[in-house]
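Observations on the model geometry
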Amino acid sequence: MIDGRAVAARIRAQVAREVTTLTERTGRPPGLATILVGEDPASTIYVANKRNASGEVGITDLHRHLPDQARQEEVAALIEECNSDPAVSGILLQLPVPEALDGAALTATIVPEKDVDGLTPVSAGRLMQGAPGLRPCTPLGVIELLDSYDVELEGTQAVVVGRSNLVGKPLSFLLLERNATVTICHSRTRDLEAVCARADVLVAAVGTAGLIGADHVKPGAAVIDVGINRTEEGLRGDVDFDAVTARAGLVTPVPGGVGPMTIAMLLRNTVIAASMQQERGER
Ligand code: NAD
């Protein structure tokens with residue numbers, strides 16, 4: 001079983017050391033501006049978790065909260081303010097924003113240098129072209145878990161189930177960057193089971209509890225479960241954990257697998273962004 005909590009704790013400790021070094025060098029700690037619009041309960045919890053985790057590693061909390069009725073121009077103006085504020089190293093617009101707003105258009109106004117969620121079109125383009133840039137946190141967390149458990153990627157068959165801009169697509173490019181042979185599956189894929197069963201590395205990022213069973217898994221494969229599904233039995237992943245453990249070489253639990261990695265990678269991205277801004281300022 002892959003222990004995401006342990007790997008995430010190690011990364012957080014490493015980030016805390018990097019924050020100390022950076023603060024000593026520059027006289028200012030990195031700052032993270034989380035932007036929450038409205039009162040969505042899940043988003044409120046996610047943002048609180050991100051702020052707590054940032055504080056724990058010494059990142060300055062520059063959180064901003066706008067009311068539910070905030071207009072597109074108001075949110076855009078706030079992002080613009082954060083874009084030009086040197087105390088802000090990273091900007092995270094918590095999605096989804098209220099229905100009246102265009103979340104994708106707002107995300108696109110974040111300057112790429114501060115795009116710690118890696119979700120702007122510029123960051124996505126840089127990833128696709130293999131150019132340096134900030135990468136999305138959950139896909140980064142998946143790669144980090146695989147590396148932590150010495151899972152070979154080069155030349156292997158990697159199957160990613162899910163093609164969202166948030167997880168499936170960026171993860172596929174990160175795996176490709178590591179020279180895996182990548183197959184992307186989605187809701188129209190025929191014979192999902194047979195495609196998945198070819199995978200040395202299988203990642204599920206769908207949002208359907210227990211979709212991936214033992215027959216989807218090649219014996220010895222590394223299986224990473226990104227899914228978070230609230231069921232009557234509690235939080236469940238996309239992988240039928242009990243059925244798959246006997247067959248897989250490695251498997252992530254839900255909770256305690258990919259989840260803790262996402263925030264850890266956000267913290268790391270914030271430090272990377274602050275370092276890049278610092279270096280640019282010195283040039
Ligand atoms: P999404 O709804 O945007 O995308 C789901 C994808 O699954 C789509 O590309 C769709 O084509 C595919 N799909 C749907 N049904 C399918 C089927 N039967 N067979 C094959 N593919 C199918 O979701 P998302 O934002 O990518 O998130 C996916 C899951 O990961 C959700 O459960 C979400 O909660 C979770 N998630 C977890 C974290 C984390 O930190 N652990 C972060 C982001 C998302």
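The structure we're discussing is the one just above.
Description of the structure in this document.

Parameters at a glance
- Residues numbered from 1 in each chain as written.
- Predicted model: local features only at pLDDT ≥ 70, side-chain atom pairs only at ≥ 80, totals over all residues.
- Heavy atoms only, no water.
- Salt bridge = Lys/Arg side-chain N within 4 Å of Asp/Glu carboxyl O.
- Helix = DSSP H or I, 4+ residues; strand = E, 2+ residues; numbered from the N terminus.
- Buried < 20%, exposed > 50% of the residue type's maximum accessible area, 1.4 Å probe, protein only.
- Pairing = 2+ DSSP bridges.
- Disulfide = S-S within 2.5 Å.
- Near = heavy atom within 4 Å.
- Polar contact = N/O pair within 3.5 Å; in protein donor to acceptor, adjacent residues only side chain to side chain.
- Areas by Shrake-Rupley, 256 points an atom, 1.4 Å probe, with all protein chains shown as cover.
- Nonpolar A, V, L, I, M, F, W, Y, C, P; charged D, E, K, R; others polar.
- Expected span 1.5 Å × (residues − 1).
- Contact = heavy atoms within 4.5 Å.
- Axes fitted to C-alpha atoms, helices over the stretch in contact; angles between N-to-C directions.
- Parallel < 35°, antiparallel > 145°, perpendicular 65-115°, else oblique.

A look at the pattern of salt bridges
Scanning the model with the defined rule gives 8 salt bridges in all. For Asp61, the salt bridge is made with Arg51, and the minimal N-O distance between the two is 2.9 Å. Of this pair, Asp61 sits in strand β2 (residues 60-61) while Arg51 sits in helix α2 (residues 41-56), placing them 10 residues apart in sequence. For Arg51, a relative accessible area of 30% puts it in the partly exposed group. Here Arg71 and Glu73 are joined by a salt bridge, their closest N and O atoms 2.6 Å apart. When salt bridges with common partners are traced through the structure, they connect Arg71, Glu73 and Glu74 into a single cluster.

Things to note about the pairing of strand β4 (residues 90-93)
Going residue by residue along β4, you find Gly90 and Leu92 tucked away on one face and Ile91 and Leu93 tucked away on the opposite face as well. As paired elements, strand β1 (residues 31-37) and β4 share 4 bridges and run parallel to each other. Looking at β4, one finds that Leu32 is bridged to Gly90.

Section: the state of the cysteines
Here the structure, examined in full by the defined rule, presents 0 disulfides. Free cysteine Cys137: the closest other cysteine sulfur is in Cys82, separated by 17 Å. Cys196 takes part in no disulfide bond, and the closest cysteine sulfur to it belongs to Cys185, at a distance of 5.0 Å.

Observations concerning the pairing of β1
Two faces belong to every sheet, and in a regular strand the side chains alternate between them. For β1, a buried count of 7 out of 7 residues is recorded, marking the element as mostly surrounded by other parts of the structure. Residue alternation in β1 divides its side chains into two sets, Gly31, Ala33, Ile35 and Val37 and Leu32, Thr34 and Leu36, and both sets are buried. For β1 and β2, the ladder comprises 2 bridges, and the chain directions are parallel. Looking at the pairing, Leu32 lines up with Asp61 of β2.

Concerning the site of the ligand
Of all residues adjacent to the ligand, which total 20 residues, the nearest are Arg163, Ser164, Val226, Ile228 and Thr262. Contact distances for the ligand include 3.1 Å between an oxygen atom and a backbone N or O atom of Ser187. Between the ligand and the protein, one listed contact pairs an oxygen atom with a backbone N or O atom of Val226 at 3.4 Å. For the ligand, whose free accessible area comes to 860 Å², the fraction covered by protein is 70%. Class assignment for the residues of the shell around the ligand results in 9 nonpolar, 10 polar and 1 charged.

Quick word on helix α1 (residues 4-26)
Structural remark: α-helix, 3.6 residues per turn; residues separated by three or four positions point the same way. Between the first and last C-alpha of α1 there are 32 Å, a value that for 23 residues agrees with the 33 Å anticipated at 1.5 Å per step. Within α1 the residues assigned to the buried category are Gly4, Val7, Ala8, Ile11, Val15, Val19 and Leu22. Where α1 is buried, its residues meet α6 (137-148) and α10 (259-282). Capping of α1 at its N-terminal end is provided by Asp3; its side-chain oxygen lies 3.2 Å from the backbone amide nitrogen of Arg5. The first or second residue beyond α1 is Gly27, which carries a positive phi of 80°.

Quick notes on the packing of α1 against α6
The geometry of a pair of packed helices is captured by two quantities: the angle between their axes and the separation between those axes. Two elements in contact, α1 and α6, have axes separated by 11 Å at closest approach and are oriented at 100°. Taken as axis vectors, α1 and α6 run roughly perpendicular relative to one another. In contact with Gly4, Val7, Arg10 and Ile11 of α1, α6 contributes Glu144, Leu145 and Ser148. Broken down by class, the residue content of the contact of α1 with α6 amounts to 3 nonpolar, 2 polar and 2 charged.

Let's talk about the side chain of Arg135
Its location among the elements puts Arg135 in the loop between α5 (121-129) and α6. Accessibility expressed as a relative area gives 10% for Arg135, which makes it buried. Not counting the four nearest positions on each side in its chain, Arg135 is found in contact with Val116, Asp117, Gly118, Ser123, Arg126, Leu127, Gly130, Leu140, Leu174, Glu177 and Asn269.

Section: the sheet that holds strand β5 (residues 157-161)
On the basis of which strands lie adjacent, the open sheet formed by 5 strands has the order β6-β5-β7-β8-β11 and parallel pairing. Edge positions in the sheet fall to β6 (181-185) and β11 (250-251), since each has one partner strand and no second. Here 4 bridges tie β5 to strand β7 (residues 201-204), and the two strands are oriented parallel to one another. Counterpart to Ala158 in the pairing with β7 is Val201. The strands touched by helix α7 (residues 168-177) are β5, β6 and β7; relative to β5, the strand with the most contacts, the crossing angle is about 170°.

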